[in-house]
Amino acid sequence: MRLLDHLQSALPKYKTTIPSTGKETFFRPFLVKEEKILLLAQQGGTANDLIRAINQIIEACVEDVDVNKLASFDTEYIFLQLRANSVSELAKINIHDEEIDDWVEVEVDLHDVIVPEIEMDNKVELADDIFIELRYPRYVDMMRLDED
């Protein structure tokens, strides 16, 4: 067994549920090499660089998931779970407080983030026998739009 394989098998595994499908899956915390991928993407400066990095990290750390088929909110939720279990469960974010008309830093516990369940019919009837079946947007779709 290679040393890297041995080290990765010794990492803890966490369970999460993919919000759009309800499917349970397991993930490991991301390692320094995955954190470096993220830092390099942040330096690249484009949204597509960051999306590619997040997808690459999810593919490396999450079992049985195809990032190209994940809804955008699934990708974001899974990445928050990865970050909470890899770096810190607390994240500092800036929000605009309209009462004082200024930016305020708040701390968010990433384990408290939930994706609300939305029940909706994904078929839109155009005519008596003609329907369009909708799906949630994926980041790969958005990246293609940005490239065009």
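What comes next is a walk through the structure.

For the rest of this paragraph, the subject is a negative patch on the surface. A cluster of acidic residues, Glu98, Glu99, Asp101 and Asp102, forms a negative patch at the surface. Here glutamate 98 falls in the exposed class, since its relative accessible area comes to 71%.

On the surface, a nonpolar cluster with roughly 430 Å² of combined accessible area is contributed by Val124, Leu126, Ile130, Ile132 and Leu134. Those elements that provide at least two residues to the nonpolar patch are strand S5 (123-127) and strand S6 (130-133). Counting through the fold element by element, leucine 134 comes out in the loop between S6 and helix H5 (139-147). Given a relative accessible area of 43%, leucine 134 falls into the partly exposed group.

Here we come to the pairing of S5. Alignment of S5 against S6, held across four bridges, turns out to be antiparallel. Each residue of the ladder has a partner; that of valine 124, found in S6, is isoleucine 132. Hairpin connection between S5 and S6: a loop of two residues separates the two successive antiparallel strands.

What follows is about the packing of helix H3 (residues 47-61) against helix H4 (residues 72-86). Packing of H3 against H4 leaves a shortest axis separation of 10 Å and a crossing angle of 65°. It follows that H3 is roughly perpendicular to H4 by the angle criterion. As for how H3 packs across H4, the hand of that crossing is left-handed. Taking contact as the criterion, the partners of Ile54, Asn55, Ile57, Ile58 and Cys61 in H3 are, on H4, Thr75, Ile78, Phe79 and Leu82. Its residues assigned to classes, the contact of H3 with H4 shows seven nonpolar, two polar and no charged.

Across eight bridges, the pairing between strand S3 (residues 90-97) and strand S4 (residues 102-109) is antiparallel. Following the sheet pairing, leucine 90 is matched in S4 by aspartate 109. Where S3 hands over to S4, the hairpin turn is made up of four residues, of which aspartate 101 adopts a positive phi near 50°.

Calculation notes
Residues numbered from 1 in each chain as written. Predicted model: local features only at pLDDT ≥ 70, side-chain atom pairs only at ≥ 80, totals over all residues. Heavy atoms only, no water. Patch = residues over 30% accessible without salt bridge, like charges linked within 9 Å, V, L, I, M, F, W, Y side chains within 5 Å. Areas by Shrake-Rupley, 256 points an atom, 1.4 Å probe, with all protein chains shown as cover. Salt bridge = Lys/Arg side-chain N within 4 Å of Asp/Glu carboxyl O. Lys, Arg positive; Asp, Glu negative; His and termini not counted. Charge placed at Lys NZ, Arg CZ, Asp CG, Glu CD. Buried < 20%, exposed > 50% of the residue type's maximum accessible area, 1.4 Å probe, protein only. Helix = DSSP H or I, 4+ residues; strand = E, 2+ residues; numbered from the N terminus. Pairing = 2+ DSSP bridges. Axes fitted to C-alpha atoms, helices over the stretch in contact; angles between N-to-C directions. Parallel < 35°, antiparallel > 145°, perpendicular 65-115°, else oblique. Left-handed = near helix turned anticlockwise from the far one by under 90°. Contact = heavy atoms within 4.5 Å. Nonpolar A, V, L, I, M, F, W, Y, C, P; charged D, E, K, R; others polar.

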